[in-house]
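# Secondary and tertiary structure notes
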Amino acid sequence: MSRTVYVNGEYLPEEEAKISIFDRGFLMADAVYEVTSVLGGKLIDFAGHAERLHRSLALLDMRQPVTDEELLAIHRELVARNGIEDGLVYLQVTRGNPGDRDFAFPDPDQVKAGIVLFTQSKPGLADNPAAKVGMKVISIPDIRWGRRDIKTVQLLYPSIGKMMAKKAGCDDAWFVEDEGVVTEGTSNNAYIVKGGKIVTRQLSEDILHGITRAAILRFAREAQMVVEERAFTVAEAQAADEAFVTSASAFVMPVVEIDGVALGSGEPGPVTRRLREIYLEESRKAAI
Ligand code: PDD
């Protein structure tokens, strides 16, 4: 069935939605995005995603083409029109269409930023069977650009990383740099658990500041768990009791194998399972 999508002020059937070939998102990957999950027809962590969108736009000197109130209303309207119970809302803001190809940014007073949103229905998103068995990951060099804290649509290398994982018979890849130090997953933040302590890389320009990460660390601390925000290596991860990743689409997803080495019991561990439970319970309660 055809979805209703949102393009620059209009709700349209997906077949009728069109973007110019001169759009800078298309030509230059000059665009930022957000993915917000939907559970029970409600948006999870919307305020966090809106805040990170502001930050990405500000860092790239782009303007938000609609107000925050409009942004929320568009999300809700698309969820309602497409009957989304569980799924995702994808949002992209591009620097727009200057009418030709040029490396220099157009004047934002002349060229308005473009905005596109669409939904993805994922029935049973919170009951993903992968959460029961856990994921196998490989490590690959992190050769992305140096501002991974800005959520741009430059996703070619993360896509290549997923394909490398697939080819190796695994589910995902963790990026590493500086002699095996883990930055993050292709589309998620990475964690290990050792002796009950949760370790995840500190925020910087090297990783995306995950909205799910912020929530998980808050819930973990509220539950009196010990959290250490620092870098860790693949070797340290392989010797950990548990590992997991977080993102808006996967929530908390166990990792049971890294580069062919099984972690702990080889099954999702108790800390990971507990954090997933808490996250789903608390974020459903706070959903809007
Ligand atoms: N990806 N790190 C990277 C590189 C990501 O692409 C993502 C999210 C995250 C987790 O961020 P959050 O918790 O805010 O979703 C970390 C989204 C889900 C995507 O590209 O589909």
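This one's a predicted model, so the numbers in the text were calculated from it and none came from an experiment.

### Focus on the nonpolar core
Within the largest apolar cluster, 29 residues are counted, with the highest numbers of intra-cluster contacts made by Leu39, Ile198, Ile216, Phe244, Phe251, Leu275 and Tyr279. Put simply, the parts of the chain that give this core at least two residues each are β3 (31-39), β5 (87-94), β10 (189-194), α6 (211-222), β14 (251-258) and α8 (270-286). Aside from chain neighbours lying at most four places away, what touches Ile198 is Tyr191, Ile192, Val193, Ala220, Met225, Val226, Val227, Glu228, Phe244, Val271 and Leu275. Counting 24 residues, the second-largest nonpolar core is a separate cluster that includes Leu43, Leu60, Leu91 and Ile115.

### Details of the packing of α6 against α8
Interaxial distance between α6 and α8 falls to 10 Å at its minimum, and their mutual angle equals 110°. In terms of orientation, α6 and α8 fall into the roughly perpendicular class. In this structure, α6 uses Thr212, Ala215, Ile216, Phe219 and Ala220 to contact α8, whose residues at the interface are Leu275, Ile278, Tyr279 and Glu282. Among the residues making up the contact of α6 with α8, the classes are represented as seven nonpolar, one polar and one charged.

### Here we look at unusual backbone geometry
Within the chain, Ala29 stands out as a residue other than glycine whose phi angle is a positive 55°. Along the polypeptide, Ala29 turns up in the loop between α1 (24-28) and β3. With phi around 50°, Asp178 is a residue other than glycine that occupies positive phi space. Within the element layout of this structure, Asp178 appears in the loop between β8 (172-177) and β9 (181-185).

### Remarks on the sheet that holds strand β1 (residues 4-7)
What the six strands build is an open sheet, ordered β2-β1-β6-β5-β3-β4; its pairing is antiparallel. Every other strand in the sheet has two partners, leaving β2 (10-13) and β4 (42-43) as the edge strands with one partner each. Where helix α3 (residues 68-81) meets the sheet, it contacts β1, β2, β3, β4, β5 and β6 (114-121), and its direction lies at approximately 35° from that of β6.

### Quick notes on the site of the ligand
Every one of the 20 residues lining the ligand counts as a neighbour, but Tyr33, Glu184, Ile211, Thr212 and Ala248 are closest to it. Between the ligand and Tyr33 there is a distance of 2.6 Å, counted from an oxygen atom to a side-chain nitrogen or oxygen. A distance of 2.6 Å separates an oxygen atom of the ligand from a polar atom in the side chain of Thr212. Taking 470 Å² as the accessible area of the ligand by itself, protein coverage stands at 90%. When its residues are assigned to classes, the shell around the ligand shows five nonpolar, eleven polar and four charged.

Here is what the cut-offs are and how they apply
- Residues numbered from 1 in each chain as written.
- Predicted model: local features only at pLDDT ≥ 70, side-chain atom pairs only at ≥ 80, totals over all residues.
- Heavy atoms only, no water.
- Core = buried A, V, L, I, M, F, W, Y, C linked by side-chain atoms within 4.5 Å.
- Buried < 20%, exposed > 50% of the residue type's maximum accessible area, 1.4 Å probe, protein only.
- Helix = DSSP H or I, 4+ residues; strand = E, 2+ residues; numbered from the N terminus.
- Contact = heavy atoms within 4.5 Å.
- Axes fitted to C-alpha atoms, helices over the stretch in contact; angles between N-to-C directions.
- Parallel < 35°, antiparallel > 145°, perpendicular 65-115°, else oblique.
- Nonpolar A, V, L, I, M, F, W, Y, C, P; charged D, E, K, R; others polar.
- Pairing = 2+ DSSP bridges.
- Near = heavy atom within 4 Å.
- Polar contact = N/O pair within 3.5 Å; in protein donor to acceptor, adjacent residues only side chain to side chain.
- Areas by Shrake-Rupley, 256 points an atom, 1.4 Å probe, with all protein chains shown as cover.

Nothing here speaks to function; it is geometry throughout.
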